[in-house]
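Working through the structure, step by step
Each chain, written out:
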2 protein chains.
Amino acid sequence: MNRLPVAERREQLITAALTVASRDGIEAATVRAVAAEAGVSLGVVHYCFQDKDELLRAMADAITEQNLAVAISTPPLGADVQSLLQVVIENLWRGIRENRGAQLLSYELTTTSLRHPELRGVAVAQYEGSNRAAVATLAYVERAAGVTWVVPREVIARTIVAVVDGFSLAWLVDGDDEAAIRGLRGFAKFLTSLAVPAGDVSVTPLPAPDTVDTAEPDVTSA
Amino acid sequence: MNRLPVAERREQLITAALTVASRDGIEAATVRAVAAEAGVSLGVVHYCFQDKDELLRAMADAITEQNLAVAISTPPLGADVQSLLQVVIENLWRGIRENRGAQLLSYELTTTSLRHPELRGVAVAQYEGSNRAAVATLAYVERAAGVTWVVPREVIARTIVAVVDGFSLAWLVDGDDEAAIRGLRGFAKFLTSLAVPAGDVSVTPLPAPDTVDTAEPDVTSA
DNA sequence: GTCTATAGTTGGATAGAC
DNA sequence: GTCTATCCAACTATAGAC
């Protein structure tokens, strides 16, 4: 109703799009539905976004940013690898469990992106976000617990993303919370077995929380 | 063109639907596109299937059956757990790698099913198929290598499905064959660490191949 | 059983008044 | 900037001729 600067209007519409898409699925996030959710008329959306693809892309970017933002929250410090990984994984899991719709939307965005050339890049961006977050988390754990890994950090990061995605997907289907958390705990234990005390360097002092660029790897992306 | 019994016509249309959906995505598998692919007219499809949902459901069932059928193929026998698991996982991976479209379709079916009440059950059926195949594979490995597991077989099965799904999804996005196979090999190694020699019972003689109801777990489902 | 024709929806996108 | 009105395309589904 009110006249807003385009930038703000865009934010509002992106939020509306996220609401609709998380709740009712990516298919339901039509231009019309988004306009209705935001309480504006159809024309407004087309005034702010060139076309539907641009809106979808903006929505995907918003998710990624959001995940990276969440990733800054600091987990409990100073503990052994085992419990540190446990906590990190469980925080991550809580975020997923409490946002079923968003998690499902993330997979919908991935598959949609993989099928439509005009959305090429969205899925890759999601994955890059996830991997960066996972790598940063690992770096954090390394410093906090004074360890390194017996395999390259990037390899572990990829595994984290894959395993969390896999268990999330299974949980989306059967809703078995117990099985999900059990699986993830087992995985944390496995990760622990890949850690070895950092040889030469003693435990590096922890940087201030906000210079650690993650805590919870983004798993919203594919 | 020709007059076929309904049952055969259905098979033909399901095949056509699989072709279209694997190639162009689940969205592209419209009644019209399927009819065109099968070389029949629009009305024929509606004569064979009550509505589009029934067609989609039939398509999903066909995938599951197909996966279970593939799972009967016998892997190389008589080896240690490590190499046995290695081979099983690599066979599984080859099947995925060579059917990118079908694999992607599987995830599309899952998310679609999770969003549409009228397709409720499809995703669960996919997952049950995967799990049954994984459990059967584990049972096979147990007999072939004379081992049992330090955690319940069902838990391992769920983990297998999750991990394979996770790595598959990552591969669909970035196409990194090397990373995928590396990750899966690492996982096979991990599984090996969960195996212990079967204590009391000596190695049970292998049943005939076709009584072993799997070899490759279905990972097509979500 | 198979075809054409058409009804009835839905959704993307634009034009033009205010 | 925002609204209404409208166009156009694609799709599901059905009716009825052959």
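Residues numbered from 1 in each chain as written. Chains lettered and ligands numbered in written order. Predicted model: local features only at pLDDT ≥ 70, side-chain atom pairs only at ≥ 80, totals over all residues. Heavy atoms only, no water.

Turning our eyes to something else, we now look at the overall build of chain A. A tally of regular secondary structure across chain A gives nine helices and two strands. When the helices and strands of chain A are read in sequence order from the N terminus, they spell out α-α-α-α-α-α-α-β-α-α-β. Across the 222 residues in chain A, those meeting the buried criterion constitute 51%. By sequence separation, contacts in chain A at least 24 residues apart represent 76% of the contacts at least 6 residues apart. Accessible area of chain A: about 10,000 Å², with a carbon and sulfur share of 54%. (Helix = DSSP H or I, 4+ residues; strand = E, 2+ residues; numbered from the N terminus. Buried < 20%, exposed > 50% of the residue type's maximum accessible area, 1.4 Å probe, protein only. Contact = heavy atoms within 4.5 Å. Areas by Shrake-Rupley, 256 points an atom, 1.4 Å probe, with all protein chains shown as cover.)

With that settled, the discussion passes to the protein's contact with DNA strand C. In the neighbourhood of DNA strand C, 17 residues make up the surrounding shell, with Arg32(A), Asn2(B), Arg9(B), Ser41(B) and Tyr47(B) lying closest. In DNA strand C, the atoms that sit within 4 Å of the protein are 60% sugar and phosphate, with bases accounting for the remainder. Between Arg3(B) and DNA strand C, the recorded distance is 3.0 Å, taken from a side-chain N or O atom to a base nitrogen. Those elements that provide at least two residues to the surface near DNA strand C are helix 2 (31-38) and helix 3 (42-48) of chain A together with helix 1 (6-24) and helix 3 (42-48) of chain B. Its residues placed into classes, the surface near DNA strand C shows eight nonpolar, four polar and five charged. (Near = heavy atom within 4 Å. Polar contact = N/O pair within 3.5 Å; in protein donor to acceptor, adjacent residues only side chain to side chain. Nonpolar A, V, L, I, M, F, W, Y, C, P; charged D, E, K, R; others polar.)

On to the relation of the copies chain A and chain B, then. For the pair chain A and chain B, the superposition axis carries a translation of 0.0 Å, the fit reaches an RMSD of 0.0 Å, and the rotation angle comes to 180°. The two molecules are tied by a two-fold rotation axis, judged by turn and shift. Closest approach to the rotation axis within chain A is made by the C-alpha atom of Gly166(A), at a distance of 2.2 Å. (Least-squares fit on C-alpha atoms with pLDDT ≥ 70 in both.)

As a further point, take the protein's contact with DNA strand D. The immediate surroundings of DNA strand D are formed by 18 residues, with Asn2(A), Leu4(A), Arg9(A), Tyr47(A) and Arg32(B) found nearest. When the atoms of DNA strand D within 4 Å of the protein are grouped by moiety, sugar and phosphate amount to 64% of the total. In this structure, Arg3(A) approaches DNA strand D through a side-chain N or O atom, which is 3.0 Å from a base nitrogen. Contributing elements (two or more residues each) for the surface near DNA strand D: helix 1 (6-24) and helix 3 of chain A together with helix 2 (31-38) and helix 3 of chain B. Class assignment of the residues belonging to the surface near DNA strand D gives a composition of nine nonpolar, four polar and five charged.

Taken together, the side chains of Val150(B), Val151(B) and Val196(B) make up a nonpolar region of the molecular surface, amounting to roughly 190 Å² of accessible area. Mapped onto the elements of the fold, Val196(B) is located in strand 2 (residues 195-197). (Patch = residues over 30% accessible without salt bridge, like charges linked within 9 Å, V, L, I, M, F, W, Y side chains within 5 Å. Salt bridge = Lys/Arg side-chain N within 4 Å of Asp/Glu carboxyl O.)

Turning to the domain arrangement of chain A, a few remarks are in order. All names here are of chain A. What the domain assignment lists for chain A is domain 1 (1-49) and domain 2 (53-199). Taking both partners together, domain 1 and domain 2 bury about 1,100 Å²; carbon and sulfur atoms supply 79% of that area. Applying the counting rule to domain 1 against domain 2 returns one salt bridge. Along the contact surface separating domain 1 from domain 2 lie two residue pairs in polar contact (both at pLDDT 80 or more). Looking at the side of domain 1 that touches domain 2, the elements with two or more residues in it are helix 1 and helix 3. Looking at the side of domain 1 that touches domain 2 element by element, the count peaks at seven residues for helix 1. For the side of domain 1 that touches domain 2, a count of residues per class yields 10 nonpolar, two polar and one charged. (Domains from an automatic or database assignment. Buried area = accessible area lost by both parts, 1.4 Å probe.)

Take the packing of helix 5 (residues 81-97) of chain B against helix 9 (residues 177-193) of chain B next. Residue and element names in this part refer to chain B. At a closest axis distance of 9 Å, the pairing of helix 5 and helix 9 adopts a crossing angle of 145°. Both helix 5 and helix 9 take part in a crossing whose hand is right-handed. Here Val81, Gln82, Leu85, Gln86, Ile89, Glu90, Trp93 and Arg97 of helix 5 lie close against helix 9, whose contacting residues are Asp177, Ala180, Ile181, Leu184, Arg185, Phe187, Ala188, Lys189, Leu191 and Thr192. The residue inventory of the contact of helix 5 with helix 9, partitioned by class, reads 10 nonpolar, three polar and five charged. (Axes fitted to C-alpha atoms, helices over the stretch in contact; angles between N-to-C directions. Left-handed = near helix turned anticlockwise from the far one by under 90°.)

Counting 83 residues, the largest nonpolar core has Val81(A), Trp149(A), Val81(B) and Trp149(B) as its most contacted members. Setting aside residues up to four positions removed in sequence, Trp149(A) forms contacts with Val81(A), Leu85(A), Leu138(A), Val141(A), Glu142(A), Ile156(A), Leu191(A), Leu194(A) and Ala195(A). (Core = buried A, V, L, I, M, F, W, Y, C linked by side-chain atoms within 4.5 Å.)

Quick look at helix 1 of chain B now. Counting along an α-helix, one turn takes 3.6 residues, and residues three or four places apart therefore face a common direction. Taking 1.5 Å per residue as the helical rise, helix 1 of chain B with its 19 residues ought to reach 27 Å, and the 26 Å between its terminal C-alpha atoms agrees with that figure. Where the residues of helix 1 of chain B are buried, they touch helix 6 (100-115) of chain A together with helix 2, helix 3, helix 4 (52-70) and helix 6 (100-115) of chain B. (Expected span 1.5 Å × (residues − 1).)

This part covers the interface of chain A and chain B. With 39 residues of chain A in contact, the opposing surface of chain B contributes 39 residues. Taken over both partners, the interface formed by chain A and chain B buries close to 3,100 Å², and the fraction arising from carbon and sulfur atoms is 66%. Applying the counting rule to chain A against chain B returns four salt bridges. The salt bridge involving Arg115(A) is made with Glu108(B); its shortest N-O contact spans 2.9 Å. There are 16 residue pairs in polar contact (both at pLDDT 80 or more) connecting chain A and chain B. For the side of chain A that touches chain B, the secondary-structure elements that each account for two or more residues are helix 1, helix 6, helix 7 (122-145), helix 8 (153-174) and helix 9 (177-193) of chain A. In terms of residue count, the dominant contributor to the side of chain A that touches chain B is helix 8 of chain A (13 residues).

Within the secondary structure layout, Ala144(A) lies in helix 7. Sequence-wise, Ala144(A) and Leu77(A) are 67 residues apart; in three dimensions their C-alpha atoms are separated by 6.7 Å.

The subject of this paragraph is the confidence of the model for chain A. Chain-level pLDDT for chain A is 89 on average; 87% of the residues reach the 70-or-more range. Confidence drops under pLDDT 50 across residues 202-222 of chain A; counting only partners more than four residues distant or on other chains, this segment forms 72 contacts. (pLDDT = per-residue confidence, 0-100.)

So, on to the pattern of salt bridges. Think of it this way: side chains of opposite charge can pair up when their charged atoms draw near. The tally for this structure, following the rule as stated, stands at 16 salt bridges over all chains. When the shortest N-O distance is used, the salt bridge between Glu37(B) and Arg23(B) registers 3.2 Å. Linking Glu37(B) in helix 2 with Arg23(B) in helix 1, this pair joins segments that are 14 residues apart in sequence. For Arg23(B), a relative accessible area of 49% corresponds to the partly exposed category. In the salt-bridge network here, residues are joined through shared partners; they are Arg23(A), Asp24(A) and Glu37(A).

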